[in-house]
Amino acid sequence: MKRIGDLAVLDEGAGEPVLLLHGFPDSSHVWRHQVPALVNAGMRVIAPDLRGFGESAKPQEVEAYAMRRLVADVVTILDALEIERTHVVGHDWGAGLAWALAGFVPERVERLVVMSVGHPSTYREQSVEQREKSWYMLLFQFEGIAEELLQRDDWKLAREWMRGEGDVERNLAELARPGALTAALNWYRANLHPQRELGERLPFPSIAAPTLGIWSSGDHYLLEEPLLRSGEHVTGDWRYERIDGASHWLQLDEPERVNELLLGFFGRV
């Protein structure tokens, strides 16, 4: 890992670049099955610990996690590594960030892969079913209270919420570090506060880059429909793939299938 400003960044391989953006409550470690496959295919892999996670800085102010700041972090990484354009792969919050990067800084994105999360415009009118799945996003808004509830009784609520999926023990150990839990929750507080639904919403750009959407049928947090409808907001080539049986952490549950899709989409098969 190297340091670029306040961020820890994995930079491996040589050749055509691909940027991997993780989600909550992960770090770049979640891509451990994808990094060697991409490097072995002749690609340069850039996988940061995003702001608030892993070995990167963890500011405690909510506004430090506004999406414009997160996009700026990614642009800073690309500039520091002298990368003009890159393929981008995002999962969970990393997918939200990937959509924003491709939408607002399109000249930096060659091809886009979004896992689990649909184009932001598909969430403007959320169904009750999606709101039910997203109950935790409301809990996370309560500063101090959410932190206490999640950590109580050896992280009992957090463990139940994770359902034994993903890197549970590793992620809980990371969140237990000073300031880490608040930093991670601030992604939700800065970008998904319920008050945002009452105000005027600016249109989110359509995506010009060729885009691949991937959803897993065992996802307990996000419905398939937003990803299915995301093609309506992509002016470039659009492709959708569903992985049956995998949890929300599809890159861990079905790494060979995910790697196959990535390498095929990037023309590396």
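Data block above holds the structure.
The following refers to the structure shown. (Residues numbered from 1 in each chain as written. Predicted model: local features only at pLDDT ≥ 70, side-chain atom pairs only at ≥ 80, totals over all residues. Heavy atoms only, no water.)

A word on the side chain of Thr-122. By the secondary structure assignment, Thr-122 is in the loop between strand 6 (109-115) and helix 4 (128-133). Separated by 2.6 Å, the side chain of Thr-122 and the backbone oxygen of His-119 make a polar contact. (Helix = DSSP H or I, 4+ residues; strand = E, 2+ residues; numbered from the N terminus. Polar contact = N/O pair within 3.5 Å; in protein donor to acceptor, adjacent residues only side chain to side chain.)

Here we come to the pattern of salt bridges. This structure, assessed with the given rule, holds 19 salt bridges. The partner of Asp-154 in a salt bridge is Arg-159, and the shortest N-O contact between them spans 3.5 Å. In this structure Arg-159 comes out as partly exposed when scored by relative accessible area, which is 25%. Salt-bridge contacts for Glu-160 lead to Lys-156; the nearest nitrogen and oxygen are separated by 2.8 Å. Linking Glu-160 with Lys-156, this pair stays in helix 6 (residues 145-162), spanning four residues, or about one helical turn. With a relative accessible area of 46%, Glu-160 lands in the partly exposed category. Look at the salt bridges and you will find they share partners, linking Arg-239, Glu-241, Arg-257 and Glu-260 into a network. (Salt bridge = Lys/Arg side-chain N within 4 Å of Asp/Glu carboxyl O. Buried < 20%, exposed > 50% of the residue type's maximum accessible area, 1.4 Å probe, protein only.)

Turning next to the sheet that holds strand 6. Here eight strands make up an open sheet; going across it, the order is 1-2-4-3-5-6-7-8 and the pairing mixed. Lying at the two open borders of the sheet, with one neighbouring strand each, are strand 1 (2-4) and strand 8 (238-247). Pairwise comparison of adjacent strand axes, ignoring direction, gives a mean angle of 25 degrees for this sheet. Pairing of strand 1 with strand 2 (residues 7-12) involves three bridges; the strand directions are antiparallel. The residue of strand 2 that forms the bridge with Ile-4 is Leu-7. The strands touched by helix 3 (residues 93-104) within the sheet are strand 3 (16-21), strand 5 (86-91), strand 6, strand 7 (211-218) and strand 8, with strand 6 carrying the most contacts at an inclination of about 150 degrees. (Pairing = 2+ DSSP bridges. Axes fitted to C-alpha atoms, helices over the stretch in contact; angles between N-to-C directions. Contact = heavy atoms within 4.5 Å.)

Function cannot be inferred from these measures alone, as they are strictly geometric.
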